[in-house]
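Here is what each chain is made of, one letter per residue.
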Amino acid sequence: MAKSIDSLLKKKGWSGEEVGKALIASTIHDVKHQSEPDYKPLFSQSDFERMESSLSSDRDYTVYGVYRDLYSSIADAFNRGQGLFSAIL
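Residues numbered from 1 in each chain as written. Predicted model: local features only at pLDDT ≥ 70, side-chain atom pairs only at ≥ 80, totals over all residues. Heavy atoms only, no water.

**Q** Before we move on, could you go through the overall build of the protein chain and cite the residues and values that matter?
**A** Looking only at helices and strands, the protein chain has four helices and zero strands in total. Starting at the N terminus and walking to the C terminus, you meet the elements of the protein chain as α-α-α-α. Projected onto the principal axes, the alpha-carbon positions of the protein chain cover approximately 45 × 30 × 20 Å. Accessible surface, the protein chain: about 6400 Å² in total, of which carbon and sulfur atoms supply 56%. Put simply, the protein chain has 11 plus and 13 minus side-chain charges, and the middle of one group is 6 Å from the middle of the other. (Helix = DSSP H or I, 4+ residues; strand = E, 2+ residues; numbered from the N terminus. Areas by Shrake-Rupley, 256 points an atom, 1.4 Å probe, with all protein chains shown as cover. Lys, Arg positive; Asp, Glu negative; His and termini not counted. Charge placed at Lys NZ, Arg CZ, Asp CG, Glu CD.)

Written out as structure tokens, the structure reads:
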């Protein structure tokens, strides 16, 4: 996985699908490894900003927007679940 991440980050431009998939992969990685003390995210905020800023076509913006909306829904549901879980403890 590290090789594919490195090759993705070396690109000069990305498609909306690539940036969206990176966002979802990063979210999954964050949830899986959140309790590890030496946890490192897959991508930094500056990596995401660089990828987002490279989007150039309306189609790329639209495709990435769908992934971004999925991300927001997943994050909201996860946070709600965490809140409910902590309320019953």
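There's more to say after this.
**Q** Tell me about the environment of Tyr61, and please be specific about residues and values.
**A** You can see Tyr61 is positioned in helix α4 (residues 58-88). Judged by relative accessible area, Tyr61 falls into the partly exposed class, the value being 45%. Once the C-alpha coordinates of Tyr61 and Glu17 are considered, the two residues, 44 residues apart in sequence, prove to be 9.2 Å apart. Apart from residues no more than four positions distant in its own chain, Tyr61 is found in contact with Leu55 and Ser56. (Buried < 20%, exposed > 50% of the residue type's maximum accessible area, 1.4 Å probe, protein only. Contact = heavy atoms within 4.5 Å.)

**Q** Tell me what's going on with the side chain of Asp60, and back it up with residues and numbers.
**A** Relative to the assigned elements, Asp60 resides in helix α4. With residues near it in sequence (within four places) discarded, Asp60 still touches Trp14, Ser15, Gly16 and Leu55.

**Q** Describe the layout of surface pockets, listing the residues and the values that go with them.
**A** One number sums up the size of the largest pocket: a volume of about 360 Å³. Taken together, 18 residues make up the lining of the largest pocket; nearest its centre are Leu23, Thr27, Asp30, Tyr71 and Ala75. Sorting the residues of the lining of the largest pocket by element identifies α2 (16-32), α3 (45-53) and α4 as the ones contributing at least two each. At seven residues, α4 tops the list of elements feeding residues into the lining of the largest pocket. Tallied by class, the residues present in the lining of the largest pocket amount to nine nonpolar, six polar and three charged. (1 Å grid on protein atoms, 1.4 Å probe; cavity = no way out; pocket = protein on both sides within 12 Å on 5 of 7 lines; lining within 4 Å. Points joined across faces, edges and corners; volume = space filled by probe spheres on them. Nonpolar A, V, L, I, M, F, W, Y, C, P; charged D, E, K, R; others polar.)

**Q** Account for a nonpolar patch on the surface, with residues named and values stated.
**A** Residues Val66, Leu70 and Ile74 make up a contiguous nonpolar surface patch of about 260 Å² in total accessible area. Relative to the assigned elements, Val66 resides in helix α4. Its relative accessible area of 48% is what places Val66 among the partly exposed residues. (Patch = residues over 30% accessible without salt bridge, like charges linked within 9 Å, V, L, I, M, F, W, Y side chains within 5 Å. Salt bridge = Lys/Arg side-chain N within 4 Å of Asp/Glu carboxyl O.)

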